[in-house]
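# Working through the structure, step by step
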Amino acid sequence: MSRLSQTLDCYKIQKGIHLLGLSISESELKELLSGNSISLESRDLSEIGLLFILADALSAANFFKKATFRDLSEVVTEDVTSPGIPIFCWNSEVGRCYLYLALVNGQPALKTCYQYF
């Protein structure tokens, strides 16, 4: 992945995170950029509640008709075709990129997924 593509993806990930009303550290951004998930278990309950409300609204507007908590609990995190509830997507030079809300080990997490061209 080129430096320009990484910079663009960083910007897009931050934009998706901002839509959820969250802020993340530089190390968390690097984790998402590399395709790893970041746990949200240390967040305040109010942040997590708001996160679910905003994720529901964003996914309904862009992807699903209606998302349920079961959609999160049925996530198979190793399966890139179904990593969670999509929140934000963008195009990069390598393919289509998605930011997902998922459960990882029973904890809410954010994850990126790339569908390569």
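Since this is a predicted model, take the numbers as computed values, not measurements.

Once that is clear, we can look at the overall build of the protein chain. Tallying secondary structure elements over the protein chain gives 4 helices and 4 strands in all. Starting at the N terminus, the α and β elements of the protein chain follow one another as α-α-β-α-α-β-β-β. Considering only contacts within the protein chain whose residues lie at least 6 apart along the sequence, 50% involve residues at least 24 apart. Entry remark: accessible area of the protein chain is about 6,700 Å², with carbon and sulfur atoms responsible for 53%.

Another point: the pattern of salt bridges. Going through the model one piece at a time under the given rule, you end up with 1 salt bridge. Between R43 and E28 there is a salt bridge; the shortest N-O distance is 3.7 Å. Note that R43 is positioned in the loop between β1 (38-39) and α3 (45-62) and E28 in helix α2 (residues 26-33), a separation of 15 residues in sequence. Residues R43 and E28 agree in their burial class; the two are buried.

A few words on the sheet that holds strand β4 (residues 107-116). Strand order in the open sheet formed by 4 strands is β1-β4-β3-β2, with antiparallel pairing between adjacent strands. Each edge of the open sheet is held by one strand with a lone partner, namely β1 and β2 (85-91). The sheet contacts of α2 involve β1, β3 (95-104) and β4, and relative to β4 the element is tilted by about 45°.

With 8 of 10 residues buried, β3 lies mostly within the body of the structure. Pairing of β2 with β3, which is carried by 6 bridges, proceeds in the antiparallel orientation. By the bridge assignment, F88 is partnered in β3 with L99. What sits between β2 and β3 in their antiparallel hairpin is a turn of 3 residues.

Any pair of aromatic rings gets described here by the distance separating the centres and the angle formed by the planes. Throughout the structure, instances matching the rule amount to 2 aromatic pairs. Arranged with centres 5.9 Å apart and planes meeting at 35°, the rings of F88 and W90 form a pair that is tilted. The pair formed by F88 and W90 is uniform in burial state, with each residue classed as buried.

Mapping T112 onto the fold places it in strand β4. For T112, the side chain forms a polar contact with the main-chain oxygen of L32, separated by 2.4 Å. The residues touching T112, leaving out its near neighbours within four places in the chain, are I13, L32, G35, N36, Y98 and L99.

It is worth spelling out the confidence of the model for the protein chain at this point. Summary statistics for the protein chain give a mean pLDDT of 77 and a share of 74% for residues scoring 70 or more. Below pLDDT 50 for its whole length, residues 75-79 participates in 9 contacts with residues either more than four positions away or in separate chains.

The next subject is the environment of Q115. Relative to the elements of secondary structure, Q115 occurs in strand β4. Exposure remark for Q115: the relative accessible area of 39% places this residue in the partly exposed category. Along the primary structure Q115 and V94 are separated by 21 residues, whereas in three dimensions their C-alpha atoms are 8.0 Å apart. Not counting chain neighbours up to four residues away, the residues in contact with Q115 comprise V94, G95, R96 and Y98.

Cut-offs applied
Residues numbered from 1 in each chain as written. Predicted model: local features only at pLDDT ≥ 70, side-chain atom pairs only at ≥ 80, totals over all residues. Heavy atoms only, no water. Helix = DSSP H or I, 4+ residues; strand = E, 2+ residues; numbered from the N terminus. Contact = heavy atoms within 4.5 Å. Areas by Shrake-Rupley, 256 points an atom, 1.4 Å probe, with all protein chains shown as cover. Salt bridge = Lys/Arg side-chain N within 4 Å of Asp/Glu carboxyl O. Buried < 20%, exposed > 50% of the residue type's maximum accessible area, 1.4 Å probe, protein only. Pairing = 2+ DSSP bridges. Axes fitted to C-alpha atoms, helices over the stretch in contact; angles between N-to-C directions. Phe/Tyr/Trp six-rings, centres within 6.5 Å; stacked < 30°, edge-to-face > 60°. Polar contact = N/O pair within 3.5 Å; in protein donor to acceptor, adjacent residues only side chain to side chain. pLDDT = per-residue confidence, 0-100.

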